[in-house]
Amino acid sequence: MVTFAAPWCGFAKQLQPEFEKAAQNLQGKAKFGSVNCDVEKAVCGKYNINSYPTVLVFPAKDKANPVKYQGPRTATGIQDFVNSQTK
């Protein structure tokens, strides 16, 4: 799971601690990362990021075709989603 955001975005600021908590709780089960779209414009352009925060899931078996995460923006919601995908 990767968040694409900008540091000035209020919604991204709200998501970040929840995303980090989920990442910590799921260590060893899934990989998490963040991209600052103000700095990494080419990366965000590659994935057509046009709103912040956008969370993409890169499935282990098909990393070339990420899926937009549309679930709850809470640590529990993110964890539940990852757990449902890794069973």
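Before any of the text, the structure's been laid out above.
Quick caveat, the model's predicted, so the values are computed rather than measured.

S.K.: Looking at this structure, I do not really get the overall build of the protein. What am I missing?
M.R.: Across its full length, the protein carries three helices and four strands. Listed by position from the N terminus, the elements making up the protein come as β-α-β-α-β-β-α. Here the C-alpha atoms of the protein give a radius of gyration of 12 Å, agreeing with the 12 Å that 2.2 N^0.38 yields for 87 residues. Counting all 87 residues of the protein, 32% fall into the buried class.

S.K.: In this structure, what is going on with the sheet that holds strand E1 (residues 2–5)? I would like to understand it.
M.R.: Whenever strands of a sheet pair, they do so through backbone hydrogen bonds, lying parallel or antiparallel. Taken together, the four strands give an open sheet; going across it, the order is E2-E1-E3-E4, and neighbouring strands pair in mixed fashion. Bordering the open sheet on either side are strand E2 (33–36) and strand E4 (67–68), each of which pairs with just one other strand. In this structure, E1 lies alongside E2, joined through four bridges in parallel fashion. By the bridge assignment, Phe4 is partnered in E2 with Val35. In the packing of helix H1 (residues 10–25) onto the sheet, the strands contacted are E1, E2 and strand E3 (54–57), and the crossing angle to E1 comes to about 160 degrees.

Cut-offs and rules
Sequence order sets the numbering: in each chain, residues are counted from 1 along the sequence as written. Local features are withheld for residues below a pLDDT of 70 in this predicted model, meaning they are given only at 70 or higher, and side-chain atom pairs are given and counted only at 80 or more; totals for whole chains, interfaces and linings count all residues. Based on all heavy atoms of the structure, the side-chain values leave hydrogens and waters out of the count. Strands are runs of DSSP state E lasting at least two residues, helices are runs of H or I lasting at least four, and both sets are numbered from the N terminus onward. Radius of gyration means the value over C-alpha atoms here, while the globule rule gives 2.2 Å times the residue count to the 0.38 power. Partly exposed residues are those whose accessible area sits between 20% and 50% of the maximum for their type, while under 20% is buried and over 50% is exposed, using a 1.4 Å probe and protein chains only. Pairing between strands requires that DSSP locate at least two bridges from one strand to the other. Residues count as neighbours in contact if any of their non-hydrogen atoms are within 4.5 Å of one another. To obtain each axis, a line is fitted to C-alpha atoms, and for helices this fit is confined to the stretch in contact; angles are then taken between N-to-C directions over 0 to 180 degrees.

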